[in-house]
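Coordinates in review
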Amino acid sequence: MAEQPSALDTAFAALAKFDWGNDAKVLQPIDAAVVACHGNAGQRTDLENRFTQLLSQPISRAAVEYICRKLCLIGTAACVPTLAPLLGQPEHSHMARYALERIAAPAAGDALRKALGTVPDELKIGMIASLAARRDGQSVPAIAEVLAAASKAGQTRLAVAAADALGQIQTAAAVDALTAATPTDAAVAAAVVNARLAAAEGLLAAKQPAKARAIYQSLVSAAAGQPRAKSIELAATRGLLACAEQTAAS
Amino acid sequence: MSLSADQHPVVPQVPSSPRRASASRRDFLQAAGGTAAAATAAPYVLTSKALGDAVTPPASDRIVMAGIGIGNMGSGDQRAFLGRNEVQYVAVCDVRQKWREEAKARVDAKYGNTDCVATLDFQELLDRDDIDAVHIATPDHWHAIMTIAACRAGKDVYLQKPETLTLREGPLMVAAARRYGRVVSGGSQRVLGDYRGIVDPCWAGEIGNVTSIDIRVGGPSQACYLPALETPPDIDWDRWLGPAPWEPYNPGRCAGNYGTGGNSWRSYYDYSGGSLTDWGAHHFGGAIFAADLRELQPSKVTYHPAAADGKTPAYVSLTYPNRVELCHNRPDGLRPQAGPSLDHRGSVVLHGDGKPKAAKTVPLYRDGERSIYGDFLACVKSRQRPFRDIELAVNTMTAPHMIGIAYRLERSLIWDRASQQFRGDAEANRLLDRARREPWVI
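Computed from a predicted structure; not experimentally measured. (Residues numbered from 1 in each chain as written. Chains lettered and ligands numbered in written order. Predicted model: local features only at pLDDT ≥ 70, side-chain atom pairs only at ≥ 80, totals over all residues. Heavy atoms only, no water.)

Points about the interface of chain B and chain A
Operational definition: Contacts are residue-level and defined by heavy atoms, with any inter-residue pair within 4.5 Å sufficient. Defined in terms of a 1.4 Å probe, buried area is the accessible area two parts forfeit on being brought together, summed over both. What makes a salt bridge here is a side-chain nitrogen of Lys or Arg within 4 Å of a carboxyl oxygen of Asp or Glu, nothing more. Think of a polar contact as two N or O atoms within 3.5 Å of one another; within protein, one of them needs to be a possible hydrogen donor and the other a possible acceptor, and neighboring residues in sequence only count if both atoms come from side chains.
Taken together, the contact pairs 62 residues of chain B with 66 residues of chain A. Carbon and sulfur atoms make up 52% of the area that chain B and chain A hide from each other, which totals about 5,200 Å². Here chain B and chain A share seven salt bridges between them. The salt bridge involving Arg-97 of chain A is made with Glu-438 of chain B; its shortest N-O contact spans 2.6 Å. Run the count over chain B and chain A and you get 25 residue pairs in polar contact (both at pLDDT 80 or more).

Below you can see the structure in the form of structure tokens.
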């Protein structure tokens, strides 16, 4: 007599045909298994394999989304080769990032970095934002390059995203890249200033007031003529006061 | 997620000031004494409305406002601000044409002209130098992006609750507000409006030190697999979705009603934390204010599994650094049976130790204002922090967000406030945030 499929097998069979409008109750055994596999590497690997196998088949966009949501929680380096090709596909790029952004394995960062150099321009903002959320220091040269190129090409939104990312990554290289940026577009210039302020705040939080002070002083000096110059001056001046307080307290 | 050695903690230390960060249009006009403006402006006839009267300030002293997200709650907010004499309301933004037009009509009717600008692009409003403040009442998945953008554009913000959708958004929003010296008020009008019956006696010391709190409210949001329907022409669906994953249009996905049973955006994970954060923003807000926990964040999240007999459902409790315990849907039989308590309609119950405790003055809205809208406007003028300052709102919202994560993972968690991470649980940390759909990123 043939062995009866488990509830999990049945749910995965349903997932292969799943689409919007279907009753999601059929997927509940998968939901439960994803939660239950915490601390059980074997179960986790089994689930991850099942998901990646399905992703390699022709399944609906709804099913791809469902799988990416689950890999967001339990994915490891093992699923990266399956997710990485989706980064360049406009229909799936975001959900691939949805999973990859949250997977700590270095392979996930590698995939996002590699994609930044290959995906269409309209998807680059997503790669940059995910690398920023990961605070991926290795991506700084590539993001700085995007900042410069997009500024030059008048791609304001992309350049702003690149500046924002450098402000979130906050490594010494990111700070240097922001200092070296020379945008002419007002919105990009404002984003670079914002990113430098954010970087200075990070330095203050890391108890490095001298480095933070250098950024604030440079912003005060350069504020004249910038859009919202008064706002920059005030923000940087507040920063200088905070640096002085921190230095005095140390 | 591991950080390299040269990276810094995730929580920025933002130098803050309660004072105004940028010169406004009014400041400029006052400083210039009207001369520069008169020299460059087209001929202009000062109307009696522009000059003001006994109850209405002159136009140059009014707070110029715009609204973003003018559906259910947004229309209520708009009416509240429109009713204030110190406000000059100039623009509305919504991705639904009908709501946009209705909102514009309300403004035009108030001023007797057709000047109100209606747009579906919020950045268009933020780029205007003449706008001082915006109110935001979009679904939750837009809150952080819009609030941060508004702060960067030099606008003060009144933001509907729940202020955040994820735990990571909170510190970023606070940082933006502090960096640019903006007034950012959360928008739970009920915290002070509805819960005074427990707030006042609690602050008066009537139950002694609060030891535990019970909150009864619905659970977290759910996944949405509603069928794909044709998108109607009066909604910009891509903008409605914004940073959320692309999903097909269905009215049940985006309806603005207050239900969480599957027929509104409040039901669904991509746009809301469900009842837990929606009505929860009020209940948690009231309870946390009453117990004076607004400056704190929970340090421990305990998942209590359902009993094997199926009669006692799972529930989650939080422990604050001062040992106050806050429980979500703790079964009645497990609640403290002795000692003094304060009960708000069964939905919020505070339990105390009954020990003598000195009374404290309840902090109220600024300048004697009687509504959260008035409080916000008073702070826009004075540059003080509002009653539901964004930092206090973010602290408050950490509670239901952590509870939601514990329910999803079915396990207990330890929260490290300094790093804004769960300690020793990499999977839980994956739920601190989610990737946003390009180009709507933060």
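A short note on the domain arrangement of chain A
A common way to express how large an interface is: the accessible area buried when the components associate. Residues and elements named next belong to chain A. Using the following cut-off: These domain limits were set by an automatic method or by a database of domain assignments.
On domain assignment, one finds that chain A holds domain 1 (1–134) and domain 2 (137–250). The C-alpha-based centres of domain 1 and domain 2 are spaced at 35 Å. On the domain 2 side, the residues contacting the nine residues of domain 1 number 13 residues. Between domain 1 and domain 2 the total buried area reaches about 910 Å² when both faces are included, carbon and sulfur atoms providing 76% of it. Considering only the surface of domain 1 that becomes buried against domain 2, Arg-113, Ile-125 and Ile-128 emerge as the three largest contributors, covering 51% of it. Counting every contact that joins domain 1 to domain 2 gives zero salt bridges. In this assembly, domain 1 and domain 2 are joined by two residue pairs in polar contact (both at pLDDT 80 or more).

As for the sheet that holds strand S5 (residues 156–160) of chain B
All names here are of chain B. This is how it is decided: Think of it this way: DSSP has to see at least two bridges between two strands before they count as a pair. By the criteria applied, helices consist of DSSP H or I runs no shorter than four residues and strands consist of E runs no shorter than two, each listed in order from the N terminus. In this analysis, axes come from line fits to C-alpha atoms, helices being fitted only over the stretch in contact, and the angle between any two N-to-C directions falls in the range 0 to 180 degrees.
Pairing is parallel across the open sheet formed by six strands, whose spatial order is S3-S2-S1-S4-S5-S6. Two strands close off the open sheet at either side, each with one partner strand: strand S3 (117–119) and strand S6 (184–187). Sheet twist, expressed as the average angle between the axes of neighbouring strands with direction ignored, equals 20 degrees. Inspection of the sheet shows strand S1 (residues 63–68) paired to strand S4 (residues 133–136) by four bridges, in the parallel sense.

Looking at helix H8 (residues 169–179) of chain B
Spelled out, the test is: Accessibility here uses a 1.4 Å probe with only protein chains present; expressed as a share of the type maximum, an area under 20% marks a residue as buried, one over 50% as exposed, and anything in between as partly exposed.
Among the eleven residues in H8 of chain B, ten count as buried, and that is most of the element. Listed as buried for H8 of chain B are Glu-169, Gly-170, Pro-171, Met-173, Val-174, Ala-175, Ala-176, Ala-177, Arg-178 and Arg-179 of chain B. Lining the buried residues of H8 of chain B we find helix H12 (186–205) and helix H14 (229–249) of chain A together with helix H7 (143–152), S5, S6 and helix H15 (390–409) of chain B. Looking at the residues trailing H8 of chain B, positive phi occurs at Gly-181 of chain B, about 60 degrees.

Notes on the packing of helix H9 (residues 140–153) of chain A against helix H10 (residues 156–169) of chain A
If you want to describe how two helices pack, look at the angle between their axes and the distance between the axes. All names here are of chain A. The condition that has to hold: Orientation is classified from the angle alone, with under 35 degrees giving roughly parallel, over 145 giving roughly antiparallel, 65 to 115 giving roughly perpendicular, and any other angle giving oblique. In this scheme, a crossing is called left-handed if the near helix is turned counterclockwise away from the far one by less than a right angle; it is called right-handed if the turn is clockwise. For this classification, Asp, Glu, Lys and Arg are treated as charged, while Ala, Val, Leu, Ile, Met, Phe, Trp, Tyr, Cys and Pro are nonpolar and the rest, including Gly, are polar.
Between H9 and H10, whose axes approach to 8 Å, the crossing angle comes to 150 degrees. By the criterion of interaxial angle, the relationship of H9 to H10 is roughly antiparallel. Here H9 and H10 pass one another in a crossing that is left-handed. Taken together, the residues of H10 that come into contact with H9 (itself represented by Val-140, Ile-143, Ala-144, Val-146, Leu-147, Ala-150 and Ser-151) are Leu-158, Ala-159, Ala-162, Ala-163, Ala-165, Leu-166 and Ile-169. When its residues are assigned to classes, the contact of H9 with H10 shows 13 nonpolar, one polar and no charged.

Regarding the sheet that holds strand S9 (residues 315–319) of chain B
Paired through their backbone hydrogen bonds, the strands of a sheet run either parallel or antiparallel. Residues and elements named next belong to chain B. Taken in spatial order, the eight strands of this open sheet run S11-S12-S7-S10-S9-S8-S13-S14, and their pairing is mixed. Only two strands of the sheet have a single neighbouring strand rather than two, namely strand S11 (341–344) and strand S14 (421–422). Pairing of strand S8 (residues 300–304) with S9 involves five bridges; the strand directions are antiparallel. Looking at S9, one finds that Tyr-303 is bridged to Val-316. H15 rests against S8, S9, strand S10 (325–328), strand S13 (413–416) and S14 of the sheet, and its axis sits at about 135 degrees to S9.

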